[in-house]
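Listed here are the chains, written in short residue letters.
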Amino acid sequence: MRLVVVGGVAAGTKAASRARRLDPEMEITIYQEEPEPSISECGLPYLLSGVVGKRENLVARTPEKFAKNDIEVLVRHRVEKIDTSGKKVSVLDLKTGEAFEDTYDRLVIATGARAVLPPIPGAQLEGVFKLRFLTDSDEIGRYIKEHSPKKATIVGGGYIGLEVAENLCRLGMEVSLIEGEDRVALAYGREVSDRVEAELASHGVGVYTGERVEEFTGEGRVRSVKFGSAELETDLVIVGVGIRPNVELAAEAGLEIGTTGTIRIDRHMKTSTPDVWAAGDCVETTNLVSGRPAWVPLGDTANQMGRVAGTNAATGEDTLEFPGVLGTGIFKVFDLAVGKTGLSEREAAEAGFEVVSAGLDAYDRAAYYPGASKVFLKLIADRATGRLLGAESAGRGAAKLTDICATALWGGLSYPDLVNIDLAYSPPYGPALSPVIQAATILSGKFERAKEGVRASE
Ligand SMILES: Cc1cc2nc3c(=O)[nH]c(=O)nc-3n(C[C@H](O)[C@H](O)[C@H](O)COP(=O)(O)OP(=O)(O)OC[C@H]3O[C@@H](n4cnc5c(N)ncnc54)[C@H](O)[C@@H]3O)c2cc1C
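Residues numbered from 1 in each chain as written. Predicted model: local features only at pLDDT ≥ 70, side-chain atom pairs only at ≥ 80, totals over all residues. Heavy atoms only, no water.

Draft legend 1. Geometry of the domain arrangement of the protein chain. Looking at the protein chain, the domain boundaries give domain 1 (2-40 + 59-112 + 244-315), domain 2 (117-241) and domain 3 (335-451). Using only C-alpha atoms to locate each centre, domain 1 and domain 2 end up separated by 32 Å. Counting from both sides, the interface comprises 7 residues of domain 1 and, opposite them, 5 residues of domain 2. Approximately 520 Å² of surface area, both sides summed, lies buried where domain 1 meets domain 2, with 63% of it carried by carbon and sulfur atoms. The largest per-residue losses of area from domain 1 upon contact with domain 2 belong to Glu34, Ile39 and Asp281, which jointly make up 60% of the total buried on that side. For the pair domain 1 and domain 2, the number of links is 1 salt bridge. One salt bridge connects Asp281 with Arg132, and the closest N-O pair in it is separated by 2.9 Å. For the pair domain 1 and domain 2, the interface holds 2 residue pairs in polar contact (both at pLDDT 80 or more). Grouping the amino acids of the side of domain 1 that touches domain 2 by side-chain chemistry returns 4 nonpolar, no polar and 3 charged. (Domains from an automatic or database assignment. Contact = heavy atoms within 4.5 Å. Buried area = accessible area lost by both parts, 1.4 Å probe. Salt bridge = Lys/Arg side-chain N within 4 Å of Asp/Glu carboxyl O. Polar contact = N/O pair within 3.5 Å; in protein donor to acceptor, adjacent residues only side chain to side chain. Nonpolar A, V, L, I, M, F, W, Y, C, P; charged D, E, K, R; others polar.)

Next up, the structure:
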């Protein structure tokens, strides 16, 4: 039995390792276009600043380590075509230029996603980068060493742009961030965006929202960025305006593509084609709150999906299920942790819910305990049933609050459950009533008033 895996980062390597564990006899080959497999892209912003000291720290397992487990990893090899009727893949060795064919009994597609570099004039100038792989951070690192940039511009106020902004500040650069929409961190509500923007400003980052970059200028090397209201001098640009799923290979092979533009799979990570599974950033799953198809390209999810795909590819049966996601995520920008689970108010409205929400700034530990600081938490509930739909948090302690709320969402809890939920308390770790309980209590009041005929509002 021969398993071929296309793509060797989070989902692909997890699938291969899992298959090996379940079937010691299976032949397993991973084709990986990038020079390293099994990298932690999540660590790249911290590698740029040196918070993570060595690039090797971001490579969980080398091809040699995989070989010890009898998993062949062929890096700098791109699968160019899949022939699902002949069960063959066409491969190009990017080092030698040699093209060859390989056969499979079972196939896992884990081709992930790529960063988008929009066609802005001047985007090809030296000093304009995107950040997705170690090869990108290598290039940025080399450029920084060679040119010692003093002024940097981030294009895009999503979590990657925000993480990079912090890490370039750590290198002593004067950083500006340009976002096309009217606020950063758009996946969140405005309260969180405001807090993130305040955090950026307090660390000297110039934030320009509602601005579209029109052009990068410079002779060979980038020197400025032009947008509606201004032109900023810049020596370095990192573009973080989003990613695109790598689905062309699967689409050309005739696999069904879902409404999100990613590979359609069932709960067993099976594609529409027999003996082909798919996992990670290239597939769509179900948002467990809205019940709708969702594309949530995140590293932990890619790993979990890879485990299911690898298991089922090894057994050839529907052994494991991947139920879907809540869309739980967290990022750090300077001293602010920013986390979310489930739907934002906007996403809930788009999914057809009418919501009642309650937000508050609570202490992250007992108010009298040294170092206590405020953390924002908002709970979003379904007006019709009281079921929790989502939560957002910003501040120290946001990671814990986000995970509590994610667990509540996973369990389908409603606001009354959270009013009485039994959580740990001690002054150094939280206030007597967790911010989750406090927010649920406010929510409860709003629902009670609504029952009495007073319409619940913000
Ligand atoms: C800067 C940054 C920070 C991030 N931070 C976080 C975080 O904090 N938390 C979080 O959960 N997620 C984070 N992510 C997202 C996370 O890294 C991805 O969700 C995860 O890497 C997806 O894994 P994957 O295996 O599906 O795909 P990818 O990581 O995209 O890997 C797919 C691999 O397949 C290869 N490939 C594609 N096509 C072919 C082909 N035809 N033949 C051979 N190989 C091919 C690609 O070259 C690539 O190496 C971050 C991402 C970035 C870039």
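Draft legend 2. Seen up close, the environment of Ala381. Relative to the elements of secondary structure, Ala381 occurs in strand β24 (residues 374-382). Note on Ala381: relative accessible area 0%, which makes it buried. Each C-alpha atom, one on Ala381 and one on Phe447, is 9.8 Å from the other, the two residues being 66 residues apart in sequence. What Ala381 contacts, discounting residues up to four positions off in sequence, is Glu354, Val355, Val356, Gly386, Arg387, Leu388, Leu389, Leu443 and Phe447. (Helix = DSSP H or I, 4+ residues; strand = E, 2+ residues; numbered from the N terminus. Buried < 20%, exposed > 50% of the residue type's maximum accessible area, 1.4 Å probe, protein only.)

Draft legend 3. Just the packing of aromatic side chains, in detail. This structure, assessed with the given rule, holds 6 aromatic pairs. Taking the centre distance of 4.2 Å and the plane angle of 10° together, the rings of Tyr415 and Phe447 count as stacked. Placement of Tyr415 in helix α11 (residues 415-419) and of Phe447 in helix α12 (residues 435-451) is noted, with a sequence separation of 32 residues between them. In this structure Phe447 comes out as buried when scored by relative accessible area, which is 8%. Joined through ring pairs, the aromatic side chains of Tyr159, Tyr188 and Phe331 make up one cluster. The ring of Tyr188 is capped by Lys340, whose NZ or CZ atom sits 6.0 Å from the centre of that ring. Lys374 extends its terminal NZ or CZ atom over the ring of Tyr363, reaching a point 4.8 Å from the ring centre. (Phe/Tyr/Trp six-rings, centres within 6.5 Å; stacked < 30°, edge-to-face > 60°. Lys NZ or Arg CZ within 6 Å of the ring centre and 35° of its normal.)

Draft legend 4. Up close: the pattern of salt bridges. Overall, the coordinates contain 31 salt bridges when judged by the stated rule. One salt bridge in this structure joins Arg212 and Glu181, with 3.6 Å as the shortest N-O distance. Separated by 31 residues along the polypeptide, Arg212 in the loop between β12 (206-209) and β13 (213-217) and Glu181 in the loop between β11 (174-179) and α6 (190-202) bring together distant segments of the chain. With a relative accessible area of 54%, Arg212 lands in the exposed category.

Draft legend 5. Region of interest: the sheet that holds strand β6 (residues 99-103). In spatial order, the strands read β4-β5-β6; together these 3 strands make up an open sheet with antiparallel pairing. The sheet is open, and its two edges are formed by β4 (77-83) and β6, each paired on a single side. In this sheet, neighbouring strand axes are inclined to one another by 30° on average, regardless of whether the strands run parallel or antiparallel. Relative to β6, strand β5 (residues 88-93) is paired through 5 bridges, and the arrangement is antiparallel. Paired with Val89 across the strands is Asp102, a residue of β6. (Pairing = 2+ DSSP bridges. Axes fitted to C-alpha atoms, helices over the stretch in contact; angles between N-to-C directions.)

Draft legend 6. Here's a closer look at α6. With 13 residues, α6 should cover 18 Å at 1.5 Å per step; its first-to-last C-alpha distance of 18 Å lies within 8% of that length. Every buried residue of α6 is accounted for by Val192, Ser193, Val196, Glu197, Glu199 and Leu200. Along the axis of α6, the buried residues cluster in a sector spanning 160°; they form a single face. Those residues of α6 that are buried lie in contact with α5 (159-170), β12, β21 (329-333), β22 (336-342), β24 and β25 (388-394). Looking at the residues trailing α6, positive phi occurs at Gly204, about 85°. (Expected span 1.5 Å × (residues − 1). Arc of directions from axis to C-beta.)

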